[in-house]
Amino acid sequence: MSPTAVQALRVSDLATAVGVRPDTIRYYERVGLLPPPRRTPGGYRAYEAAAVDRLRFIRGAQRLGLRLVDIRHLLAVRDTGVCPCEPAEQLLRRRLAEVDAEIARLTALRAEMAAMAAALPVSECPPPSPGTWCPSTEGGDPTCSC
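What this report covers is the structure whose coordinates are included nearby. (Residues numbered from 1 in each chain as written. Predicted model: local features only at pLDDT ≥ 70, side-chain atom pairs only at ≥ 80, totals over all residues. Heavy atoms only, no water.)

**Some details on the side chain of Glu 29**
Its location among the elements puts Glu 29 in helix α3 (residues 22-30). A relative accessible area of 14% places Glu 29 in the buried class. Only 2.9 Å separates the side chain of Glu 29 from the side chain of Arg 45, close enough to count as a polar contact. In contact with Glu 29, other than residues within four places in its own chain, are Leu 34, Pro 35, Pro 36, Pro 37, Arg 45 and Tyr 47. (Helix = DSSP H or I, 4+ residues; strand = E, 2+ residues; numbered from the N terminus. Buried < 20%, exposed > 50% of the residue type's maximum accessible area, 1.4 Å probe, protein only. Polar contact = N/O pair within 3.5 Å; in protein donor to acceptor, adjacent residues only side chain to side chain. Contact = heavy atoms within 4.5 Å.)

**Concerning the pattern of salt bridges**
Tallied over the full model, the rule gives 11 salt bridges. Of the charged contacts, one joins Arg 45 and Glu 29 as a salt bridge, the two residues approaching to 2.9 Å between their closest N and O atoms. Taken as a pair, Arg 45 in strand β2 (residues 45-46) and Glu 29 in helix α3 lie far apart in primary sequence, 16 residues in all. Taken as a pair, Arg 45 and Glu 29 share a single burial class, namely buried. Arg 95 is paired through a salt bridge with Glu 98; the nearest N and O atoms lie 3.2 Å apart. Here Arg 95 and its partner Glu 98 are both found in helix α6 (residues 85-119), three residues apart, which amounts to about one turn of the helix. (Salt bridge = Lys/Arg side-chain N within 4 Å of Asp/Glu carboxyl O.)

If you want it as structure tokens, here you go:
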């Protein structure tokens, strides 16, 4: 058996090594994140060991919230032998700004929800008025500022 054949991984072996489903690997291949592997005489995909590292890179970048198009760009730079640090820094800074904006949005949402919860009456709560969370007083105004 040749050394190449010993290192070759079938799609299921590669999927297990990286912790993804075989369909995910086939998808990454279709969208250009993973180069097409050589095929065995029986038509099976035969991935080299380097595919494990490439898939771990892809999964790590996804965990950071990078889009597949961004990951494809980083891989293309990396495949040329050039360090992808500069484009990676730009992508990560953009993603960091997106995360900061989402944290600010969620913080505001949390504050609004906490204020609503604090304003709800705690003792005998009559049925709410139509279109509100809070019951109406006898005059028709809500009893809280929801």
